[in-house]
Amino acid sequence: MTATQTMTAAGRGLDRVDGPLKVAGAAPYPADFSFPGMAHATLLQATVAAGRIRRIDTRAAGAAPGVLVVITHENAPRLARAPGGITIGPPPPLQDDRVLHHGQHIAVVVAETAEQATAAAELIGVGYEPAEPLLDLADPRADRVENAAGGGVARGDVPGALASADVKVDVTYTTATETNNPLGLFCTVAFWDGDALTVHDCTQGPAFVRTALATAFGVPESGVRVLAPFVGGAFGAGLRVWQHVLLTALAARIVGRPVKLVLTRAQMFTSVGYRPRTVQHLEIGATRTGELVAIDHEGIEPAAMEDVFAESLTRSTALLYACPNVTGRTTQVRLNVACPTWMRGPGEAPGVFALECALDELAHKLGCDPVELRLRNYADVHPQTGKRWTTKALRACYERGAERFGWWRRIPGPRSMRDGRTLIGYGMASAHYGYVQAPCQARASIGRDGAAYVRSAATDIGPGTYTVMTQVAADALGLPAAAVRFELGDTEMPPAPLQGGSGLTAALGSAVHTACRQLVQAFLDVVANDVESPLRGCAAADVTISGGRISPAGEPADGETYVAILIRHGLTELTADGASARRRDLDAEPGTFGAKFAEVHVDPDLGLVRVTRVVAAIDGGRILNEKTATSQVIGGTVGGIGMALLEETVCDPGTGRVANATFGDYLVAVNADVPDIDVIFVGEPDPMNPIGVKGIGEIAIVGVAPAIANAIFHATGRRVRSLPITLADLL
Ligand code: MOS
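Trainee: Teacher, can you tell me more about the overall build of the protein chain here?
Mentor: Secondary structure assignment for the protein chain yields 16 helices and 30 strands. Its C-alpha radius of gyration of 27 Å places the protein chain within 12% of the 27 Å reference for a compact globule of 731 residues. Viewed in the frame of its principal axes, the protein chain has a C-alpha envelope of about 80 × 70 × 50 Å. For the protein chain, the residues scored as buried account for 61% of the 731 residues in total. A sequence separation of at least 24 residues applies to 80% of the contacts in the protein chain between residues at least 6 apart. Mean positive and mean negative side-chain charge positions of the protein chain (63 and 76 charges, respectively) differ by 2 Å.

The structure is reproduced here in C-alpha cells:
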C-alpha cells in the first residue's frame, strides 16, 4: 500500500465537514460567546522590562464609568501554580511588585463594556523603580541552561574528526524572533457557579486549561469545564495555559459575573509566546568525496527569567545523516523577555535551517550536488541508536521531489541561471520532525437513527481534525461520512492530548479507530447468542461492514444493520470507549521526513526576491485525506516563506519593547508572496499506530527557509546567514 492509498470513506479529499459552518460565520469561536450579564476585562501591561512597581494608582480607573473592579498585585489573591511545566502552569500573575519583562500584565480592569475597560486602564498611574534589563544573548550576567528540552547529542570524537577532515565549514547562522500570530485574537470567557467554573478558551489542549484553573483557584477539576470547539488558529501559541486565562477566571470570580477578555493584536506579541531568535554555530567536516565525518552544532536562544519554555535546536542534527561524530546542544539564556513558546516546527524550523544551509555551503565547497551530498550520507538506520526506522522514505522524497521540481536542470555554479537580468536560483533542504504521540481516548456510539456520534476532548486549530476523524470513524464503522458526527473541544468528553507536536492525528485517530472497532464488537456481543441474528457467533475479524450493515465476511447480502440489532434488542444506542498510546513493542525509531525544493527569482538591481516555485515531498506515513494534508503542507510552506524573507519581531534593544506589534509592521507572507506549491506524499503506513499515520503539521514548515536561502545563494552567489533575508542583504 502506498501512502496516498486511502481508506474507503477517506477518499482522496473529503471536503472539510466544518467548512459550511466556517464560511457561514456559524462556527462558534471563543470570542463569539456572550452570556447575560457578561462583563469585559482589559489588561494593562508593564512599560519597562525589569524592576519593581513602586506605585500603582487605580483610583481614577476605579471611578471611571462602568468599571466594576481594578485588580493589581496589591489586591489580587494568591493563586497556586499547577505542576506539569510549560504546558500547564504559567507563573501566576499579579503576585508581587516585580517586573520581569516589557508587556507583563500588571493590572486587569473589569467593566460593563470592553471600551469602558480599555479607557479606564489608561487612567491607571504606574510608577516604576526600573532596573537594568538583561536583553542581550551575550550578556555575561545572564543565567544559562543547557539542553533543558533534551535533544542534546554527543557521539564519537568530534574534535578529532574535525581536525583530520579534508574539507570544513565553520559558520554562524541566526534566525529572527517570530510571533505565531494566529488570525483569531486569543480570547477567554469565564463564569462561575459557586466553585464550578466554565471557560471558553483559545487553546490546543482544554484538559491542560482545566488543570491549571482548578489548581490556581483550589477547586476540584471535576467542576471545571473548558470548551474550545473552534480555535482561530494557534501555530503553537495555544499549547500552554497563559496568564490571561487565569486572570479572566479571577476577574469573573471577583465580580461574580461572566467575564470576557480578548487580547489586542499588540498583546498577542507578548502574552502568548513566540518563536525565540537563535544564534547557531556549526562546524562540519567531510572527506573530499563528501562523506560527513563530523558535525558540531550549538544553538543559543533566549528564555524567560522565571518560566520554563525550552526547545532543542539540534534534535534533527543527531539523526538526519549517517555521520559517526556528532555533538549538538542548545543553550537557553535567561533574559527579561516574555516567555517564548512552540511555534510551528519548534526547534526544527530554526535548527534545520542552520544545518541545511551549512550543508549547502559544504556541497558548494566540495563541488558536489546538494541532493547528491545528502544521498551520500543517507541514514539507513537511526545513526544514534542504530535501530531501524519504523518506515523511512526520505530517499523517495529526494528522488520524487527532485524529479517533480526539475532539479537536474540546475546549472551548479552560483549566478549561472538567468532570465534576462533576473537571477534564478534552485535550492533544496532535507526535513525531519519527530512526532509525539501521547495517550488519548475517544467514545463512539450508534443510535436508532443509524448515525454515529464520536467524541473526544481534542481541538482542531485548523488542520482538518473534524474531517479526518469523521473519516476514520466512518471507515471503522462501515458508515458513510455523512452518517458520522465527530465532536471535540469539551473537557466533558474523553481526555485527549494537546493538538501539537504533530501527534494528534496519530493519537486521536488511533483512539477513534479503537473506539469504533470496540463499538462494532459491542454490537457483535449483543447478538453473540441471538438465534435470530445471521451474525450469531461472529467475531469482529469475521465480518465486513458497509452502509451500516454488518455482514459475515464474503457474504455482503447477508447480515443485518446496526439499527435492526438495536431495535430487536430494545436498545436505544450502544456506546464504546477506545484508548490509544504510543506503541512500545516496536524496536524501531519513528520519524517524519521530507525534502523541500525552492526556486527563486532575484532582481539584481533591487535585491528583490520572489519565491517562484516550491516542491515539498513528504513521508508522512498514510495520508488520510490528501486534500486537508496538502492544505496543511501548503500552510506550513507559506510560513516557511515568511520565515525566510519576511517575519521578524523587532525588540527595542534598550527597553525590550516589541517595536512592530501590528499586522502592518510584522510582515507575513500574503497571497502575492506565495507561488505554486506542489506537495507530494510518499512512503508507507507507519506501523506505530493502527491507522498508519505520522504527523505532518510541523514538517510542513521545516526545510522551507533553508531551501529558499540556498536558492538565493545559487541565484546570487551571496550567502546570507541571517533570517529574514531582506533587500538590504542582497544589494
Ligand atoms: Mo505545534 S508548534 O506543536 O502547535
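Let us keep going from here.
Trainee: Please explain the sheet that holds strand β1 (residues 39-45) as it appears in this structure.
Mentor: Paired through their backbone hydrogen bonds, the strands of a sheet run either parallel or antiparallel. With mixed pairing, the seven strands of this open sheet are ordered in space as β3-β5-β1-β13-β10-β11-β12. Each edge of the sheet is formed by a strand with only one pairing partner; in this case those strands are β3 (67-72) and β12 (224-227). When the angles between neighbouring strand axes are averaged without regard to direction, this sheet yields 20°. One ladder, built from six bridges, connects strand β10 (residues 187-193) with strand β11 (residues 196-201); its direction is antiparallel. Note that in β11 the partner of Thr 188 across the bridge is Asp 201. Taken strand by strand, helix α3 (residues 114-121) contacts β1, β3 and β5 (105-111), and its axis lies near 25° from that of β1. This element, helix α5 (residues 206-217), spans β10, β11 and β12 of the sheet and lies at about 145° to β12.

Trainee: Quick question: what am I supposed to make of the sheet that holds strand β23 (residues 543-546) here?
Mentor: The three strands are arranged β23-β24-β25 in an open sheet whose pairing can be described as antiparallel. Here the strands that pair on one side only, and so sit at the sheet edges, are β23 and β25 (560-561). Sheet topology note: the β23/strand β24 (residues 549-552) ladder contains four bridges and is antiparallel. Bridge pairing in β24 places Ile 545 opposite Ile 550.

Trainee: Explain the confidence of the model for the protein chain to me, please; I cannot follow it from the model alone.
Mentor: This prediction gives the protein chain a mean pLDDT of 95; 98% of its residues lie at or above 70. Note on residues 1-7: pLDDT under 50 across the span, and 21 contacts to partners over four residues away in sequence or across chains.

Trainee: Whenever I open this one, the pattern of salt bridges confuses me. Can you help?
Mentor: Two side chains that carry opposite charge are able to pair once their charged atoms sit near each other. This structure, assessed with the given rule, holds 35 salt bridges. Here Asp 307 and Arg 240 are joined by a salt bridge, their closest N and O atoms 2.9 Å apart. Pair noted here: Asp 307 is in the loop between β15 (292-304) and β16 (326-335) and Arg 240 is in the loop between β12 and α6 (243-255), with a separation of 67 residues, a long-range link. Assigned by exposure class, Asp 307 and Arg 240 land together as buried. A salt bridge links Asp 296 to Arg 329; the shortest N-O distance between them is 3.0 Å. Here Arg 329 lies in strand β16 and Asp 296 lies in strand β15, a separation of 33 residues in the sequence. Counted as one network, the salt bridges with shared partners bring together Asp 360, Glu 361, Arg 719 and Arg 721.

Trainee: Looking at this model, I keep getting lost on the packing of α5 against α6. Mind explaining?
Mentor: Two quantities define a packed helix pair, namely the angle between the helix axes and the distance between the axes. Between α5 and α6, the shortest axis-to-axis distance is 10 Å and the interhelical angle comes to 50°. By the criterion of interaxial angle, the relationship of α5 to α6 is oblique. Judged by the twist between their axes, the crossing of α5 over α6 is right-handed. Between α5 and α6, the contacting residues are Val 209, Ala 212, Leu 213, Ala 216 and Phe 217 on the first element and Val 245, Leu 246, Ala 249, Leu 250 and Arg 253 on the second.

Trainee: Would you take a moment to explain the nonpolar core for this structure?
Mentor: Of all hydrophobic cores here, the largest spans 92 residues; its most connected members are Ile 284, Leu 362, Phe 597, Val 600, Leu 645 and Ile 708. A total of 11 residues in this core trace back to one element, the largest contributor, which is helix α8 (residues 348-366). With residues up to four places along the chain from it excluded, the contact list for Ile 284 reads Leu 162, Val 167, Lys 168, Val 169, Leu 292, Ala 294, Ile 295, Ala 358, Leu 359 and Leu 362.

Trainee: Looking at this structure, how should I read the state of the cysteines?
Mentor: Joining two cysteines, a disulfide is a covalent bond between their sulfur atoms. In the structure shown here, the tally under the stated rule is zero disulfides. Take Cys 187: it sits in no disulfide, and the sulfur closest to it among the cysteines is that of Cys 202, at 6.0 Å. For Cys 187, a relative accessible area of 0% translates into the label buried. In this structure Cys 368 is not part of a disulfide, and its nearest cysteine sulfur, from Cys 323, lies 15 Å away.

Trainee: I would appreciate a short explanation of the layout of surface pockets in the present structure.
Mentor: With a probe scaled to a water molecule rolled over the atoms, the places where space remains empty come into view. Considered as a void within the structure, the second largest pocket measures approximately 920 Å³ in volume. Contributing to the lining of the second largest pocket are 34 residues, with Arg 315, Tyr 433, Gly 434, Tyr 435 and Val 436 lying nearest its centre. Residue classes in the lining of the second largest pocket are distributed as 17 nonpolar, 12 polar and five charged.

Trainee: Looking at this model, I keep getting lost on the packing of aromatic side chains. Mind explaining?
Mentor: Two aromatic rings are characterised by how far apart their centres lie and by the angle between their planes. With the rule as written, the count across this model stands at 17 aromatic pairs. Where Trp 407 meets Tyr 426, the ring centres are 6.5 Å apart and the plane angle is 35°; that geometry is what we call tilted. In this pair, Trp 407 is assigned in the loop between α10 (394-405) and β18 (418-419) and Tyr 426 in strand β19 (residues 422-433), connecting sequence segments 19 residues apart. Consider the rings of Tyr 466 and Phe 486, whose centres lie 6.4 Å apart with planes at 75°: the pair is edge-to-face. Highlighted residues: Tyr 466 in helix α11 (residues 465-477) and Phe 486 in strand β22 (residues 484-488), separated in sequence by 20 residues. Among the residues examined, Phe 486 registers a relative accessible area of 5% and is labelled buried. A network of ring pairs unites the aromatic residues Tyr 29, Phe 230, Tyr 466 and Phe 486 as a single cluster. For Lys 392, the ring lying beneath its charged end belongs to Tyr 378, and the centroid distance is 4.3 Å.

Trainee: Which parts of the structure should I look at to understand a nonpolar patch on the surface?
Mentor: On the surface, Leu 606, Leu 608, Leu 727 and Leu 731 cluster together to form a nonpolar patch covering roughly 380 Å² of accessible area. Along the chain, the position of Leu 606 falls in the loop between β28 (592-602) and β29 (609-619).

Trainee: For this particular structure, what's the right way to read the pairing of β22?
Mentor: Every other side chain in a regular strand lies on the same face of the sheet, so the side chains alternate between the two faces. The buried fraction of β22 amounts to four of the five residues, a majority that puts the element mostly inside the structure. In the sheet, strand β21 (residues 452-456) pairs with β22 via five bridges, with the strands oriented parallel. Among the inter-strand pairings, Ser 456 is bridged to a residue of β22, identified as Leu 488. Regarding topology, α11 serves as the crossover connection from β21 to the parallel β22, and that connection is right-handed.

Trainee: I'm lost on empty space enclosed by the protein in this one. Help?
Mentor: With the rule as written, the count across this model stands at two cavities of 30 Å³ or more. Roughly 40 Å³ of volume is contained in the largest cavity. Lining the largest cavity are Tyr 173, Cys 357, Ala 709, Asn 710, Ile 712, Arg 718, Arg 719, Val 720 and Ile 725. For the lining of the largest cavity, the residue count by class is six nonpolar, one polar and two charged.

Trainee: Is there a simple way to explain unusual backbone geometry in this structure?
Mentor: Among all residues except glycine, the phi angle is most often negative; among peptide bonds, the trans geometry is most common. Cis geometry marks the peptide bond from Leu 723 to Pro 724; its omega dihedral reads -5°. Mapped onto the elements of the fold, Pro 724 is located in the loop between α15 (704-716) and α16 (727-730). The residue Asn 147 is not glycine, and still its phi comes out positive at about 50°. Position of Asn 147 relative to the elements: it lies in the loop between β7 (144-146) and β8 (153-155). One non-glycine residue, Asn 181, lies in positive phi territory at about 50°. Within the element layout of this structure, Asn 181 appears in the loop between β9 (167-175) and β10.

Reading guide: rules and limits
- Residues numbered from 1 in each chain as written.
- Predicted model: local features only at pLDDT ≥ 70, side-chain atom pairs only at ≥ 80, totals over all residues.
- Heavy atoms only, no water.
- Helix = DSSP H or I, 4+ residues; strand = E, 2+ residues; numbered from the N terminus.
- Rg over C-alpha atoms; globule rule 2.2 N^0.38 Å.
- Buried < 20%, exposed > 50% of the residue type's maximum accessible area, 1.4 Å probe, protein only.
- Contact = heavy atoms within 4.5 Å.
- Lys, Arg positive; Asp, Glu negative; His and termini not counted.
- Charge placed at Lys NZ, Arg CZ, Asp CG, Glu CD.
- Pairing = 2+ DSSP bridges.
- Axes fitted to C-alpha atoms, helices over the stretch in contact; angles between N-to-C directions.
- pLDDT = per-residue confidence, 0-100.
- Salt bridge = Lys/Arg side-chain N within 4 Å of Asp/Glu carboxyl O.
- Parallel < 35°, antiparallel > 145°, perpendicular 65-115°, else oblique.
- Left-handed = near helix turned anticlockwise from the far one by under 90°.
- Core = buried A, V, L, I, M, F, W, Y, C linked by side-chain atoms within 4.5 Å.
- Disulfide = S-S within 2.5 Å.
- 1 Å grid on protein atoms, 1.4 Å probe; cavity = no way out; pocket = protein on both sides within 12 Å on 5 of 7 lines; lining within 4 Å.
- Points joined across faces, edges and corners; volume = space filled by probe spheres on them.
- Nonpolar A, V, L, I, M, F, W, Y, C, P; charged D, E, K, R; others polar.
- Phe/Tyr/Trp six-rings, centres within 6.5 Å; stacked < 30°, edge-to-face > 60°.
- Lys NZ or Arg CZ within 6 Å of the ring centre and 35° of its normal.
- Patch = residues over 30% accessible without salt bridge, like charges linked within 9 Å, V, L, I, M, F, W, Y side chains within 5 Å.
- Areas by Shrake-Rupley, 256 points an atom, 1.4 Å probe, with all protein chains shown as cover.
- Right-handed = clockwise from strand over helix to strand, strands pointing away.

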